[in-house]
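Here's the letter readout for the chains.
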Amino acid sequence: MGRHIFSLLIAVLTVTLLPCGYTWREYRIRRSIDLSAANTLISDTKLPTELVPVNYSLYLHPLLEQSSFTGHINVTMLCTKRTNRITLHAHHDLQVEEVALEVLHADDGLPLKVRRVDRVPKKPLLVIFFHNDLTVGSTYEARLQFAGNIWENTEGIFEGKYKQQTTVGAATAVPELAVGQTVDADEHAYIGTYCRPHHARRVFPCFDEPAYKVPFAVRIVRPRTHHVLFNTELERTESFGPDSKFVIDVFKTTPPMSTFTFGFLLSDLQEVPAADDTDDSVFRPKIRVWSRRDFQQSLTEVRRRVKLTLEKLQTYWGAELPLEKLDIVALPGFSYVKPADNWGLILFKESELQQGYYSLAQELVYQWLGSWITPHWWSDAHVNKAIAGFLSADTAIKIDGGVEFEGKWPMTILYSIYYEFSKRYPHSRITGMKQETTCSKTELVLRMLNYTLGEDTFRRGLQQFIRHREFKTFYGDDVWEALTKQAHLDQRLCESATVNNVVNSWITKDRIPMVKVVRSYGQRTATVTQRLYLRERPHDVPEQDKMLWWIPLVLVTQDRLDFSNTSATKWMKQVREVVLENLPADDRFIIVNPEEIGPFPVNYDDRNWNLLASFLQTEEGRARIPVYTRAKLLHDAWNLAYAGDLSFGTAFNMTLFMKFERNHLVWNPVFTLIDHIGRHIDMSAVHKKFETYVRTLLTPLYEGLVSSQQENEETWKVNLRSLAKNFLCRAGYKPCIEEAQRAFKKWMDSPEPDLGNPVANQYICPVFKWGTRDEWEFGLQRVINFPESRIKSERTYLLKTLAGCPSQPSKIDRLLNITVLEDNGNFTDNDVSLIFKMLSGGSSGYSTLFNFLKNNWDAIKLRFKDRESLWDNMINSATGLFTTQDGYDMVSQLYVQHQGEFGTAEHIIEKSLKNIKEETKWSDENLPVIEQWLDNFLASNISTSQKFFG
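Residues numbered from 1 in each chain as written. Predicted model: local features only at pLDDT ≥ 70, side-chain atom pairs only at ≥ 80, totals over all residues. Heavy atoms only, no water.

- As annotated in an unreviewed UniProt entry, the chain is Aminopeptidase from Anopheles atroparvus.
- Its UniProt record gives the chain the following Sequence similarities (unreviewed entry) comment, quoted word for word: "Belongs to the peptidase M1 family."
- Among the UniProt annotations of the chain, the heading Subcellular location (unreviewed entry) holds the following wording: "Cell membrane". (UniProt positions renumbered as here; feature names shortened; annotations may be inferred.)

In structure tokens, the structure reads:
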């Protein structure tokens, strides 16, 4: 099955693997933009340590109408080392009044003589120099006045606007408006802060580092028509002046806190009334929920959900938050990926408060671990984030079974970790990916420890960790040391081992291990080895033989199918090989690492794999082996075969039970695996047989889902039906193609087809792939004649499918002639580049593009003479995707024939030849095995495979 069949589906597939409400891109960005992402951004602006802050006294005057703010701050600090300067963080956009700047002895109030004040170029630093050195042990107070502008959706301090509907009442009715009619009210404005991870310096000069935790005494000016929410409760309101429209809110002094947890919101949002049956009078902290008036009905359950989540977390930590109040705000127009989780004040997008517990729990965990107890520096923040991720998922699952995950946690992050860390060069394509995957892997390691140490030991260890660290900071190793002490105390870890050893073996490598289990059936033992896991070829990673992990070997045997016991039978203590003993008889299987307890795949000898495959085909087997373990066995088998570590015959045997499987968690990885295998067999004679296999595999699933379809069914069922249908359509499932053509005909029969597209996107690709030339030509004319008034993304999608879906070379040739040789004015260079990209998705596309290039070399060279980017893209798409020896020979011949003529694309075709040679090895080794298995399978399923041939 070709890449052109499946490349358009991967976005659809990944959406189904995510927590409810997130797309893949949103989920990945949300996970990556956090404390850990700050490390590389601010490591060069760490302040000198000669002075440390003692407290801040801050006065702020945000001006709604002018989109600006003014203020002054008194920074009290202690001199710990001899120095003649004070260095503070202050962003370049923050205007500091240098003339008005003062520095006083805190003891006697006498001023110091300032020599000069510098703003450091290209660094957000303000340096105050003195004529004489400061006295070690003395306290000083810097008084600074500042001002700045406020922009929409920027870090630090930001503004926003929204409109809310209002209903006309009897007292306000006018002739033009009936009582009860809804009308738009005036625009409302607000000002808020987003200081995480290092943006307080945009609001006021400060020591903007997490380790500096000191009290804030804060006064904020506001219009009388608005109110201010801050980290702490309002203490009093003072007059701004006679007859002024402003007042000054004075807030209770905060506990010691880092600058990134500072936050306020100036708005006219209203508090959501508590439900009638809610008694929060004795619960602490006091929970308040705020929103625009016309959104309050959507948030009536939020206070209850926050209280329930807090109760769960307080029980887990064994400690209550020292908060008097907690303000939860549904902020209209809030566009940040992540909520602003300030101490005692959390700003959410409106949509984030309407469903689920995961997002709530994550931000509430940050109140404990982030605000109350803080990473000393950003290099330890991945531990903070990983604990928050693990506990928020665990809390959501304990509250309502994790309904929003639909069972997909931790699979969402687990599969992405497997794929990323098994590359030859992890993180090579996506900026910032390394920090994200480090956090994700640490979260999975925490999950592994929770299982292997035991949930009670793990929880008590974390409780010991936070004890005596209130309002202080921590290092990552502090967490592991606390878990080690508890594990030793509970005798869950031998005295010679530490959690530090275990964790560091995982999080210091951008890799994961693979474990192989080879049984000696006569001796009832098994030799277990570990090595680096690599899917991509060649397997030539430097020093891979030196990479070893601490790996818990949790074992389940067929004669004792107890998946509740998650203790390790044996640990691989950074050794290459261990032996498992006292295994069951030779007709009984074993499972190592059930339920994905540790983030590593497991391989077995063929006999054990076949015992597993046979058991899963029985009703007893599918009932007694849990869902996560069934998914793992299938996922591991196919990925190990893809990597060359397991026969594809064995891997395909593991799919035989899928004709009975109906759980979406087991099916979800199947679609990705089909795509991965399809990439390699696309150009071979095997791919037609593989398409028939896919139809045979998916047809019972799809027809069962259709027959049981009902209104308001679970999201997972809708997604699974959609995926099955899409993959079947592109694999030639006849009923699907006929349905698509009927829908497409309505568009073709339309008297004015250019006014809009009435056909659902799911039908377009099957028509362009399996349909007639006339149907495809109709689509081409719709692109050529696309009206300027319509949404451009509709044209883009149509062009993508025109290029990426057809399997007939004549359609692709027609498109290339129009866009490249004829240089049709209806197509831009971006269009042509997109066509090349889509053609690289399958063998029909890139082989036709290759032949087009070979047959029209001189004309194309002339066309692209001054369009190097298009030329490079064409060479890459036309030569880089072949996977067989025939493909290598074709590209090699083109290279020799036109040597020296490739220009900027010379290195591209040379890289293509190198890659094709490696892919050819894979094809030579695996295609015969795949074909033989498919022949046997299709022979035994001939009636089903012929029934729906497209």
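Back to the write-up after that little detour.
1. Description of the packing of aromatic side chains
Next, step 1: Under the criterion given, the structure shown has 57 aromatic pairs.
Next, step 2: Following the ring pairs from residue to residue traces out a cluster consisting of Trp 638, Tyr 642, Phe 648, Phe 652, Phe 690, Tyr 693, Trp 922, Trp 933 and Phe 937.
Next, step 3: Here Arg 116 stacks its cationic end above the ring of Phe 129, 3.9 Å away from the centre of that ring.
Next, step 4: Positioned above the aromatic ring of Trp 871 is the side chain of Lys 861, whose terminal nitrogen or guanidinium carbon lies 4.9 Å from the ring centre. (Phe/Tyr/Trp six-rings, centres within 6.5 Å; stacked < 30°, edge-to-face > 60°. Lys NZ or Arg CZ within 6 Å of the ring centre and 35° of its normal.)

2. Some thoughts on the sheet that holds strand β7 (residues 125–130)
Next, step 1: Strand order in the open sheet formed by three strands is β3-β7-β6, with antiparallel pairing between adjacent strands. Here the strands that pair on one side only, and so sit at the sheet edges, are β3 (85–89) and β6 (114–119). The sheet shows a mean angle of 15° between the axes of neighbouring strands, taken without regard to direction.
Next, step 2: As paired elements, β6 and β7 share five bridges and run antiparallel to each other. Looking at β7, one finds that Arg 116 is bridged to Phe 129. (Pairing = 2+ DSSP bridges. Helix = DSSP H or I, 4+ residues; strand = E, 2+ residues; numbered from the N terminus. Axes fitted to C-alpha atoms, helices over the stretch in contact; angles between N-to-C directions.)

3. Some remarks on the packing of helix α26 (residues 843–855) against helix α28 (residues 868–879)
Next, step 1: At a minimum axis distance of 7 Å, the contact between α26 and α28 shows a crossing angle of 125°. By the criterion of interaxial angle, the relationship of α26 to α28 is oblique. With respect to the hand of their crossing, α26 and α28 are arranged in left-handed fashion. On the side of α26, the interface is formed by Tyr 846, Leu 849, Phe 850, Phe 852 and Leu 853, while α28 contributes Trp 871, Met 874, Ile 875, Ser 877, Ala 878 and Thr 879.
Next, step 2: A class-by-class count of the residues in the contact of α26 with α28 yields nine nonpolar, two polar and no charged. (Parallel < 35°, antiparallel > 145°, perpendicular 65-115°, else oblique. Left-handed = near helix turned anticlockwise from the far one by under 90°. Contact = heavy atoms within 4.5 Å. Nonpolar A, V, L, I, M, F, W, Y, C, P; charged D, E, K, R; others polar.)

4. Let's talk about the domain arrangement of the chain
Next, step 1: Domain boundaries in the chain define domain 1 (48–167 + 181–268), domain 2 (513–681) and domain 3 (736–926).
Next, step 2: Facing six residues of domain 2, the contacting portion of domain 3 comprises seven residues.
Next, step 3: With both chains or domains summed, domain 2 and domain 3 bury close to 740 Å², and 53% of this area falls on carbon and sulfur atoms.
Next, step 4: Our enumeration of links across domain 2 and domain 3 arrives at zero salt bridges.
Next, step 5: For the pair domain 2 and domain 3, the interface holds one residue pair in polar contact (both at pLDDT 80 or more). (Domains from an automatic or database assignment. Buried area = accessible area lost by both parts, 1.4 Å probe. Salt bridge = Lys/Arg side-chain N within 4 Å of Asp/Glu carboxyl O. Polar contact = N/O pair within 3.5 Å; in protein donor to acceptor, adjacent residues only side chain to side chain.)

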